[in-house]
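# Examining the three-dimensional arrangement
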Amino acid sequence: MNQVVASMAGSVWKIVVQEGETVSNGQDIVILESMKMEIPIAAEVDGVVKELKVSEGDFVNEGDVIAVIE
Amino acid sequence: MSFTKILIANRGEIAIRVMKTCKRLNVKTVAIYSEADEQAPFVKMADEAYPVGPSRVQESYLNIEKIIEIAQQTNVDAIHPGYGLLSENAGFAKRCKEVGITFIGPDYTCIEKMGSKIEARRTMKTAGVPVIPGTEDPVKNVEEAKKIANEIGYPVMLKASAGGGGIGMQVVSDDAQLEKAFDGNSQRAKNFFGDGTMFLEKVIENAHHIEMQLLADHFGNTVHLFERECSVQRRHQKVIEEAPSPLLTEKTRKNMGDAAIKAAKAINYANAGTIEFLVDEDQNFYFLEMNTRLQVEHPITEQITGIDLVEKQLEIASGKQLDIKQSDLSIKGHAIEARIYAEDPKTFFPSPGKITNLSLPKGEHIRHEIGVEEGFTVTPFYDPMIAKLIISGETREEAIQKSMEALEQYVVEGIKTNIPLLSLVLNSKAFQEGLTRTSFIRDYIYPNGK
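Now for a description of the structure that goes with this document. (Residues numbered from 1 in each chain as written. Chains lettered and ligands numbered in written order. Predicted model: local features only at pLDDT ≥ 70, side-chain atom pairs only at ≥ 80, totals over all residues. Heavy atoms only, no water.)

## Some words on the interface of chain B and chain A
Across the boundary between the two partners, chain B contributes 18 residues, which contact 15 residues of chain A. Taken over both partners, the interface formed by chain B and chain A buries close to 1400 Å², and the fraction arising from carbon and sulfur atoms is 65%. When the buried surface of chain B facing chain A is broken down by residue, R56, P350 and P380 of chain B rank first, second and third, together holding 35% of it. Across the pair K36 of chain A and D383 of chain B runs a salt bridge, and its minimum N-O distance is 3.1 Å. Here chain B and chain A share four residue pairs in polar contact (both at pLDDT 80 or more) between them. Per-element accounting of the side of chain B that touches chain A gives the leading share, three residues, to helix α8 (residues 175-193) of chain B. Here the side of chain B that touches chain A is composed, by residue class, of eleven nonpolar, three polar and four charged. (Contact = heavy atoms within 4.5 Å. Buried area = accessible area lost by both parts, 1.4 Å probe. Salt bridge = Lys/Arg side-chain N within 4 Å of Asp/Glu carboxyl O. Polar contact = N/O pair within 3.5 Å; in protein donor to acceptor, adjacent residues only side chain to side chain. Helix = DSSP H or I, 4+ residues; strand = E, 2+ residues; numbered from the N terminus. Nonpolar A, V, L, I, M, F, W, Y, C, P; charged D, E, K, R; others polar.)

Structure follows, in C-alpha cells:
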C-alpha cells in the first residue's frame, strides 16, 4: 500500500483518476492549485487506486494524504 | 469633481501602492479583505476595512455583488481595481457604472473589446497597428489549425482567445505537435476561462516583450509614457522589467508610441492602459495585447518620468483633463524592477509559509512596493508575488549594479523566494549586454531544462 501525499498546501483543482483505476508510477492522480499554479501530484508506484481521500475544491495542507494506492 | 473616498478592490502590495497615493492626496481609503488576509498590512493601512468573504478568490475578491454592497454601504465615490482579480472584468466595471460608482479604469466596452484576443487583433489591424501574422477568426478544429499553420509557417504559437498568464498557450513546430497540443490547450482554456476558442500566431524569433504605457482622458487627449522592456519571464510571467528598453532605437520608440496612441484612440480609451508588443531584433514590432488597467511594473515608468500613474488614474476617472502633453515628457535615467516571488528559484514551485525574518535594503535610489511583513504568513490562495524592488540609476549600468547590491541585502526567511534567480539574471553577461529576449531564462539561466 502506498500513500499519495500533497507536496504543498493548496486546493484540489482536478481529480484525474477514479477509485478502482489502475495507475502507473508517475501518472497524475490529482492536480492541486497553489498560488495560481497547477501542481500535478503523481503516483510513485504502479497499482490500483484504492481510495481517494479528497474531493475537488478541498483544501489540503502539505503532507495530507490524497489517495491510497494498492 | 475630486474623489473623497475610494474602495480598493484588491489586496497585497498593489492595495498598499494605491493607498500611498490616496494618503498623499487626502483621499480616504476602504479596504476589503478575505479571511486569509485578516492580518495583512494593507488592511491596517486603510482608513476603513471590511471582510469580503472566505479565503478563496471566487468567494471574496471576485465576489462582485458583495464588493458593490460594501462600496455602497461605505459611500465611496469610486473603486480602484488594482491589477489581476476584477481589474479586467467588464461585468464588474459595468456593474459599478449601473450603481453610480466610478470604476477607476476604462469604460467596460473597452475591456470587452480588448478581453477577446481575437477581437483585439482585428480591431488593431483595422486601426493600422501591426499585428503578428496569424488567424483573424477562431480556429474551429485541429484540421483547420494544421492548414493555417502550414500557410503561415511553423513554428506557430497556439493561443486561447480568452487566455492569460500563459494558460492555453503553446509553441508547436510541426503538424504532429499541433495535433497533440490542440485539444488539450482548448480544454484547459475552457476549464480556466470558460471559453476554449483557439487561434494561431506565427512565432517571432528572438523576440523582446516591450510595452508602451498610455494615459488617456475623456477629452480625446492621449499620451504615451515610453516603454518598459519585460522580456525576462518564467512560466510566461514577468520577473524583471526595465525602462527604457536597451533594444529600441529612438525611431522605433517613437513609432511604437504613435502606434500605441492610435490603438487607444481606435477604441476611445480613457484612463491608464498598456499596449504590449513583441519586437524583433530588426526593430519590427507587433501588437500582442492591451492591458486595460494599471500594470504590475508601472513603478519603473513612474521612476523615469516622474509621474504618479495612480494619481493620473484618479484624475482621469474623476473627469479631469490630462495636464500633460507629449512634448512635456522625457526619459530621465534608468529604472529596473525585480519581482520577489514566494517560490523555489529553480523549479518555480510556490512556497507558501510564515515569513520569520524580513530585512529590506535601504537607499535613495531604492523603492519598495511590498505587501507582507515579518511574521506574516503567505497563504496558498493568491499570486506568489509578495514584493517588488525598484531601483533607479543615471544609466542602465548603474541601475544594474545597484540592483545587484540591493538584492544581496534583501533578506526573506521562512519561505523560499526567487531572489537567487533575480541575482543570476542581473549578474549574467547576456542581461548586461541587453540580450533580454523572452527566451532569456531558458537560453542563459537554465539551458538544461525547466
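## So, the pattern of salt bridges
Residue and element names in this part refer to chain B. Across all of its chains, the model carries 46 salt bridges over all chains by this definition. Between R17 and E302 there is a salt bridge, with its nearest N and O atoms 2.8 Å apart. Of the two residues, R17 is situated in helix α1 (residues 12-24) and E302 in helix α10 (residues 298-305); the sequence distance between them amounts to 285 residues. E302 matches R17 in its accessibility class, with the two residues each being buried. With its nearest N and O atoms 3.2 Å apart, the salt bridge here joins E98 to R95. Of this pair, E98 and R95 both sit in helix α4 (residues 90-98), three residues apart, which is roughly one turn of the helix. Classification of R95 by relative accessible area gives partly exposed; the value is 24%. Several salt bridges converge on common partners, so that one network encompasses R17, K20, R24, E302, D308, E311, R367 and E369. (Buried < 20%, exposed > 50% of the residue type's maximum accessible area, 1.4 Å probe, protein only.)

## Side note on the packing of aromatic side chains
Taken as a whole and judged by the stated rule, the model has eight aromatic pairs over all chains. Judged by centre distance (6.0 Å) and plane angle (55°), the ring pair of F381 of chain B and Y382 of chain B falls under tilted. For Y382 of chain B, a relative accessible area of 4% corresponds to the buried category. Connected via pairs of aromatic rings, a cluster forms that spans F59 of chain A together with Y61, F381 and Y382 of chain B. One residue, R234 of chain B, lies across the ring of Y341 of chain B, its end atom 4.2 Å from the ring centre. One Lys or Arg, R234 of chain B, reaches over the ring of F348 of chain B and ends 5.9 Å from the middle of that ring. (Phe/Tyr/Trp six-rings, centres within 6.5 Å; stacked < 30°, edge-to-face > 60°. Lys NZ or Arg CZ within 6 Å of the ring centre and 35° of its normal.)

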